[in-house]
Amino acid sequence: MSDLIETNAINGFKVYGQQMVEYTVAGNSGVDFGHAIAYASLEEATAIEVETNAYSAVLRTRQKKLSELSDALAILTQALATMKSSGTQQSTDKSSAMDSLYTAKEILKKYGVYNLTLVDGNKVERGTAQKAQAQTEYEMDMENNDLQQDMITVQGLISKRDDSYSTAAKVLKKVNSTGNSIINSIGN
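Residues numbered from 1 in each chain as written. Predicted model: local features only at pLDDT ≥ 70, side-chain atom pairs only at ≥ 80, totals over all residues. Heavy atoms only, no water.

### Topic: helix H2 (residues 100–110)
If you check which residues of H2 are buried, you get Leu101, Ala104, Ile107 and Leu108. Buried positions in H2, seen along its axis, are confined to an arc of 120° and lie on one side of it. Exposed residues on H2 whose side chains face more than 90 degrees from its buried face are Tyr102 and Lys109. At the exit of H2 stands Gly112, carrying a positive phi of roughly 65°. (Buried < 20%, exposed > 50% of the residue type's maximum accessible area, 1.4 Å probe, protein only. Helix = DSSP H or I, 4+ residues; strand = E, 2+ residues; numbered from the N terminus. Arc of directions from axis to C-beta.)

The following block contains the structure:
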């Protein structure tokens, strides 16, 4: 902001010993304090808007990751459901053949969650599927926590942006009100 608003002394003009000043705002000289503050508030709102857009992109990326991990988790759960559920269960029990397991493997690999090993090309063993399922759930929990924190940050930024616009509007109303009061006083 220091580059945007400069204070310039008004030569020979002091009130009660205080030097009076005017402002140069974005290259325009002779600007009063109220307009300088309003300009600064609008610039702050604009900067916050840019930051909000960046956070929104992060939120979309996190949501996409959660959606894809959810898809992988559903495939793993489906694979576990195809394994025998009665009798002695072994960690080496295999799922039914499922082409979608390759999709789950690629999603988990993409996000570095788990290196899913497939057997016979399109099957997975119980132990491997359970470990992959647990790692996927953990990663989804972590990502969901980060998503919640980012959403809180975005809400805070939006609130700050709105406050900046409100401040600019209030200052401009005060400047206009003061100007009107001065003009009315002169007229009386």
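### Some remarks on a nonpolar patch on the surface
There is a patch of nonpolar side chains on the surface, built from Phe13, Val15 and Tyr16 and spanning about 380 Å² of accessible area. Relative to the elements of secondary structure, Phe13 occurs in strand S1 (residues 5–15). (Patch = residues over 30% accessible without salt bridge, like charges linked within 9 Å, V, L, I, M, F, W, Y side chains within 5 Å. Areas by Shrake-Rupley, 256 points an atom, 1.4 Å probe, with all protein chains shown as cover. Salt bridge = Lys/Arg side-chain N within 4 Å of Asp/Glu carboxyl O.)

### Considerations on the pairing of S1
Examined bridge by bridge, S1 and strand S2 (residues 18–25) share seven bridges and lie antiparallel to one another. Bridge pairing in S2 places Val15 opposite Gln18. Taking the residues that link successive antiparallel strands as the turn, the S1-S2 hairpin has two residues, and the phi of Tyr16 there is positive, at about 55°. (Pairing = 2+ DSSP bridges.)

### Considerations on the nonpolar core
Of all hydrophobic cores here, the largest spans 24 residues; its most connected members are Leu69, Leu101, Leu108, Leu116 and Val124. Elements with a contribution of two residues or more to this core: helix H1 (33–81), H2 and helix H3 (126–187). If one sorts the elements of this core by residue count, H1 sits on top with nine residues. Setting aside anything within four residues of it in sequence, one finds Leu116 in contact with Leu76, Leu101, Ala104, Lys105, Leu108, Val124, Thr128 and Ala132. (Core = buried A, V, L, I, M, F, W, Y, C linked by side-chain atoms within 4.5 Å. Contact = heavy atoms within 4.5 Å.)

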